[in-house]
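Chain and residue survey
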Amino acid sequence: MRDMPIYLDNNATTPLRNAALTKMLNVMGAPANPSSVHSFGRSARLVVETARESVAMLAGCHPENVVFTSGGTESNNLVLMQYDQVITSSIEHDSVRHVHDRCKMIAVDENGIIDLDQLAATLCKIDEAAKPNTIISIMAANNETGVIQPVDQISEMARSSNLAFHSDMVQIFGKRHLDFNSSEISYASFSAHKIGGPAGVGALLVRPGCKLASLLRGGGQEKGRRSGTENLIGIAGFGAAAADALGDINHYKKMAAWRNDFEDRMLNERDGITVFGKSAPRLGNTSCIAAAGKAAETLVIAFDLAGVAISAGAACSSGKVTSSHVLRAMGAGGRAGEAIRISGGWATVKSDFETLADVFLQLYKQPA
Ligand code: PLP
């Protein structure tokens, strides 16, 4: 076993970037309420607004579109609770799926891509009177498979139906160029701990003219859109991570080749391997892969003992043994219980994927 385990579970959370750690240590300790008028408050305000600019830069939007929240879960809840009816997909994160009791769920195909015909048919049936209180919410990239949705097409469909469109962009943020300004998306959710920032802080992007009332009654921070004294330390770390992540797009392009080499090696050297979403556009960092006859939970433990940290099923349900709703929606059936998820991040290097392949080949000598 190696001294330091290899970490390939970055869709669950990422290691903190040095820039984020340094920035957080710098702001820690001083009294720092950004609403205070004295010099301490003004310094804190400057930290928040500088972080807002960095997040906006990575998202391709204006800083005033950025509302800081406690993370992706809150951002998703905050936007969807502004509406009575949600049209969403069967592969969304639980923080989208479970906000409303009755969502209209759009199916995905075996590659995990949303059925645009079903979406179009559903949009046709929406009553004109219900439209101001109806929103479409489709994630940009899935946390389990990395499969990327045709967000531009969906936003065009939303625009021509006069409906608001929200996209959970937690996983795509920092891995692909985003241009919120020139898109038709009404709202987007982000989370700091997926890009090398701290957990417990995130953002919701809001296009001007789209409704957003604070769910929490209080001091009216974030221009009345999210009450509560700002999490200054977290926001500072988020901003520093976002500034650092600006240079990462190329890293993820390279990682796609490392990921593909790993998958090709498994497919060429072993029978019984399935890669979920392989023929769909995917994030370069993610591989959702199953080995016939090997239960995912057993594999995760075996990888851990061999010094490689990966996960089974959904990121946020790591530790819970539940079968993945995403893979079931893709028609994986019993194979869902064999699927493991490998996800690289900003600190991942090529040899991590090479070691992963070596370990996998040792653990899976032949199909059962
Ligand atoms: N949306 C997606 C796609 C995610 O992967 C996650 C976390 O795994 C979230 C939302 C929730 O984000 P947070 O952990 O910041 O609440």
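Presented here is a report on the structure given in the accompanying data block. (Residues numbered from 1 in each chain as written. Predicted model: local features only at pLDDT ≥ 70, side-chain atom pairs only at ≥ 80, totals over all residues. Heavy atoms only, no water.)

Points about the pairing of strand β8 (residues 202-206)
- Of all 5 residues making up β8, 5 are buried, and the element is well covered by its neighbours.
- Burial along β8 is two-sided: the face carrying Gly202, Leu204 and Val206 and the face carrying Ala203 and Leu205 are both buried.
- The pairing of strand β2 (residues 66-69) with β8 spans 4 bridges and is antiparallel. When the bridges of β8 are listed, Phe68 appears paired with Ala203.
- Taken together, the 5 bridges between strand β7 (residues 187-191) and β8 define a ladder with antiparallel strand orientation. By the bridge assignment for β8, Ser189 is matched with Leu204. (Buried < 20%, exposed > 50% of the residue type's maximum accessible area, 1.4 Å probe, protein only. Helix = DSSP H or I, 4+ residues; strand = E, 2+ residues; numbered from the N terminus. Pairing = 2+ DSSP bridges.)

A few points about the pairing of strand β10 (residues 286-291)
- With 6 of its 6 residues buried, β10 lies for the most part within the structure.
- Of the two faces of β10, the one lined by Thr286, Cys288 and Ala290 and the one lined by Ser287, Ile289 and Ala291 are each fully buried.
- In the sheet, strand β9 (residues 273-275) pairs with β10 via 3 bridges, with the strands oriented antiparallel. From the neighbouring strand, Ile273 faces β10, where its bridge partner is Ala291.

Thoughts on the pattern of salt bridges
- Evaluation of the coordinates by the stated rule reveals 19 salt bridges.
- The salt bridge involving Arg45 is made with Glu230; its shortest N-O contact spans 3.3 Å. Of this pair, Arg45 sits in helix α2 (residues 39-59) while Glu230 sits in the loop between β8 and α7 (232-245); the two residues are 185 residues apart in sequence, bridging distant segments of the chain.
- The network of salt bridges with shared partners includes Arg45, Glu49, Arg52, Glu222 and Glu230. (Salt bridge = Lys/Arg side-chain N within 4 Å of Asp/Glu carboxyl O.)

Quick word on a negative patch on the surface
- Negative charge collects at one region of the surface, where Asp109, Glu110, Asp115 and Asp117 lie side by side.
- The exposure class assigned to Asp115 is partly exposed, which follows from its relative accessible area of 32%. (Patch = residues over 30% accessible without salt bridge, like charges linked within 9 Å, V, L, I, M, F, W, Y side chains within 5 Å. Areas by Shrake-Rupley, 256 points an atom, 1.4 Å probe, with all protein chains shown as cover. Lys, Arg positive; Asp, Glu negative; His and termini not counted. Charge placed at Lys NZ, Arg CZ, Asp CG, Glu CD.)

A look at the environment of Thr355
- On the secondary structure map, Thr355 appears in helix α11 (residues 350-363).
- A relative accessible area of 16% places Thr355 in the buried class.
- Between the C-alpha atoms of Thr355 and Arg328, which are 27 residues apart in sequence, the distance is 29 Å.
- A polar contact of 2.8 Å, which involves the side chain of Thr355, links it to the backbone oxygen of Ser351. (Polar contact = N/O pair within 3.5 Å; in protein donor to acceptor, adjacent residues only side chain to side chain.)

Observations regarding a nonpolar patch on the surface
- Taken together, the side chains of Leu16, Leu21, Leu25 and Met28 make up a nonpolar region of the molecular surface, amounting to roughly 350 Å² of accessible area.
- Exposure remark for Leu16: the relative accessible area of 32% places this residue in the partly exposed category.

With respect to the sheet that holds β8
- The 7 strands are arranged β2-β8-β7-β6-β5-β3-β4 in an open sheet whose pairing can be described as mixed. Each of the sheet's edge strands pairs with one partner strand only, and the pair in question is β2 and β4 (103-106). The sheet shows a mean angle of 20° between the axes of neighbouring strands, taken without regard to direction.
- Where strand β5 (residues 134-137) lies against strand β6 (residues 164-168), 3 bridges are found, and the strand directions are parallel. Residue Ser137 lies in a different strand from β6, and its bridge partner there is His166.
- Strands in contact with helix α3 (residues 72-80) are β2, β3 (85-89), β5, β6, β7 and β8; relative to β7, the strand with the most contacts, it is inclined by about 160°.
- With respect to the sheet, helix α6 (residues 151-160) is in contact with β5 and β6, its orientation differing from that of β6 by roughly 160°. (Axes fitted to C-alpha atoms, helices over the stretch in contact; angles between N-to-C directions. Contact = heavy atoms within 4.5 Å.)

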